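The lines below spell out each chain.
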Amino acid sequence: MKKPILFCDFDGTITNSDNIVAIMKQFAPPEWETLKDDVLAQRLTVQEGVGKMFSLLPSRLKEEITDFILQTARIRDGFREFVAFTKQHGIPLYVVSGGIDFFVYPLLDGLIEKEFIFCNGSDFSGETIQIVWPYSCNEHCHNGCGCCKPSLLRKLSKPDAFNIVIGDSITDLAAAKLADHVIARDFLLEKCNELSISHTPFTTFFDVIDVLEKMEVRV
Ligand SMILES: [Mg+2]
Ligand SMILES: [Zn+2]
């Protein structure tokens, strides 16, 4: 029997909303909206767009931005119970995130061990914030993902694995196409329907626990 491995998105999946958007709305000059539109219209890759957006922000705002996110971001209902469930059943849970280390790590502190978190990095040593990309696309992907979820899925999966992707947006789609099953909300849910990708919808992580309990992939 195949063993489940979970690949879970962060922004808009583990958290209720997107933290990069929240940061830009609060701190960036209006140009960020043009960059966002360019990414959505695929005139810029996610990597280019996110890099340029953060370069609009002065490094001296580091503490203010971090405090803002820690005070405003909300973890989706049932996440703590879901993490406990995966531990109880010995199911590996990787967080694969296009978010940035300075808010992803603190928000997951006490929930997920650092070695199971894959996200982008940051450098505050210059005038403006620079994003660092430890997990950019490999030879199989040319999307300019920034944090390349399909590359990470290929790297972290096992030959006997039943790969499950949990996510919400366009940035999860390439990994979703490689998955054996997808647990989806929002835009990713629409895409899974449209492309007939095997999936189940979710709203809270209690729903995700339900899905895993009903699947015949429990260990
Ligand atoms: Mg997301
Ligand atoms: Zn990629």
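The structure displayed is predicted, hence computed values, not measured ones.

Asker: Before we go on, may I ask you to explain the nonpolar core in this structure?
Answerer: Among soluble globular proteins, nonpolar side chains are generally buried collectively. Core analysis: the biggest nonpolar cluster contains 53 residues, and Ile23, Phe54, Phe82, Phe103 and Ile166 have the highest contact counts within it. Within the second largest apolar cluster, 20 residues are counted, among which are Cys147, Ala179, Leu188 and Ile197.

Asker: Could you clarify how one ought to interpret the coordination of the magnesium ion (ligand 1) in this entry?
Answerer: Donor atoms from the polypeptide that bind the magnesium ion (ligand 1) are Asp9 (OD), Asp11 (O) and Asp168 (OD), placed at 2.1 to 2.2 Å. Sequence spacing of the donors to the magnesium ion (ligand 1): D-x1-D-x156-D. Residue classification places Asp9 among the buried positions, given a relative accessible area of 4%. On the accessibility criterion, Asp11 (8% relative accessible area) is buried.

Asker: How should I be thinking about the packing of helix H2 (residues 31–40) against helix H3 (residues 46–54) in this particular structure?
Answerer: In a packed pair of helices, the relevant descriptors are the angle between the two axes and the axis-to-axis distance. Look at H2 against H3: their axes get within 9 Å of each other, and the N-to-C directions meet at 175°. In this view, H2 runs roughly antiparallel relative to H3, as classed from their interaxial angle. Here Trp32, Leu35, Lys36 and Val39 of H2 come into contact with H3, specifically with Val46, Gly49, Lys52 and Met53. For the contact of H2 with H3, a count of residues per class yields five nonpolar, one polar and two charged.

Asker: Just to check I follow, could you spell out the environment of Ser151 for this structure?
Answerer: Within the secondary structure, Ser151 sits in helix H7 (residues 149–156). Contact partners of Ser151, with chain neighbours within four places excluded, come to Cys137, Asn138 and Cys141. One polar contact links Ser151 to Asn138, side chain to side chain, over a distance of 3.2 Å.

Criteria and thresholds
- Residues numbered from 1 in each chain as written.
- Chains lettered and ligands numbered in written order.
- Predicted model: local features only at pLDDT ≥ 70, side-chain atom pairs only at ≥ 80, totals over all residues.
- Heavy atoms only, no water.
- Core = buried A, V, L, I, M, F, W, Y, C linked by side-chain atoms within 4.5 Å.
- Buried < 20%, exposed > 50% of the residue type's maximum accessible area, 1.4 Å probe, protein only.
- Donors = N, O, S within 2.8 Å, 3.2 Å for Na, K, Ca; no water.
- Axes fitted to C-alpha atoms, helices over the stretch in contact; angles between N-to-C directions.
- Helix = DSSP H or I, 4+ residues; strand = E, 2+ residues; numbered from the N terminus.
- Parallel < 35°, antiparallel > 145°, perpendicular 65-115°, else oblique.
- Contact = heavy atoms within 4.5 Å.
- Nonpolar A, V, L, I, M, F, W, Y, C, P; charged D, E, K, R; others polar.
- Polar contact = N/O pair within 3.5 Å; in protein donor to acceptor, adjacent residues only side chain to side chain.

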